[in-house]
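Structural description and commentary
So you can see what is in the structure, the chains are spelled out below.
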Amino acid sequence: MPFDFRFKFIENEKEISKLKKFLLEQPFNYPSYEDWVERAITQIDQGYKKTILSFSDEVLVGDLIFQPHKTLSRVMELKNMRIHPDLKRRYFGFFMLRQAEAESNNYDAIICDARSDRTDVLNLLKLCGYIEISRTPLYESNTEDVIM
């Protein structure tokens, strides 16, 4: 990929369409993932979920979706982060996490989760200062998730 990267908030229908395609290309075997993507796209379009996008020459190569927590007031929840496989380990996720944190001034805490076998994601979150608070299966009964 060329060295032309740009980070921005989602702005229009064309970018929403690119995001939907990008998300569907990386399901990571989450149950009902396509249904979640449909709901997420609707909520992004409505402004409930916020999205940071990363582009390289107009090609979407990364995203971070976040929102207010549904039941915990003053808590922001990180919902989804995907990085193009060719660009992993270049700190795209780190930058997008830090940008989401900069947008969180109306919140007292940020919560997120990752599968216990995603050591790359867990290491990134730990590098950013996130602390494990619990382990439990959130999406599948046979897969442990780490809540941070």
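Refer to the structure printed above.
Before going into details, it helps to say that this report is about the structure given with it.

What counts, and where the lines are drawn
- Residues numbered from 1 in each chain as written.
- Predicted model: local features only at pLDDT ≥ 70, side-chain atom pairs only at ≥ 80, totals over all residues.
- Heavy atoms only, no water.
- Phe/Tyr/Trp six-rings, centres within 6.5 Å; stacked < 30°, edge-to-face > 60°.
- Helix = DSSP H or I, 4+ residues; strand = E, 2+ residues; numbered from the N terminus.
- Buried < 20%, exposed > 50% of the residue type's maximum accessible area, 1.4 Å probe, protein only.
- Axes fitted to C-alpha atoms, helices over the stretch in contact; angles between N-to-C directions.
- Parallel < 35°, antiparallel > 145°, perpendicular 65-115°, else oblique.
- Left-handed = near helix turned anticlockwise from the far one by under 90°.
- Contact = heavy atoms within 4.5 Å.
- Nonpolar A, V, L, I, M, F, W, Y, C, P; charged D, E, K, R; others polar.
- Arc of directions from axis to C-beta.

To continue, consider the packing of aromatic side chains. Two aromatic rings, taken as a pair, are described by how far apart their centres are and by the angle between their planes. Under the defined criterion, the tally for this structure stands at five aromatic pairs. Both rings, one in F5 and one in F92, keep their centres 5.0 Å apart while their planes meet at 90°; by these two values the pair is edge-to-face. Here F92 lies in helix α3 (residues 92–102) and F5 lies in strand β1 (residues 5–9), a separation of 87 residues in the sequence. Ring geometry for Y30 and Y139: centres 5.3 Å apart, planes at 85°, overall edge-to-face. Note that Y30 is positioned in the loop between α1 (13–24) and α2 (33–46) and Y139 in the loop between β7 (134–136) and β8 (145–147), a separation of 109 residues in sequence. Residue Y30 is classed as partly exposed on the basis of its relative accessible area of 22%.

At a minimum axis separation of 10 Å, α3 and helix α4 (residues 119–127) run at an interaxial angle of 45°. By the angle between their axes, α3 is oblique relative to α4. The two elements α3 and α4 meet at a crossing, and its hand is right-handed. From α3, G93, F94, L97 and R98 reach across to α4, where they touch L124, L125 and L127. The residue makeup of the contact of α3 with α4, split by class, is five nonpolar, one polar and one charged.

Let's shift gears to α3. Taken together, the buried positions of α3 are F92, G93, M96, L97 and A100. Viewed end-on, α3 has its buried residues packed into an arc of 130°, placing them on one side of the element. Contacts from the buried residues of α3 go to β1, β2 (50–56), β3 (59–68), β4 (75–83) and α4.

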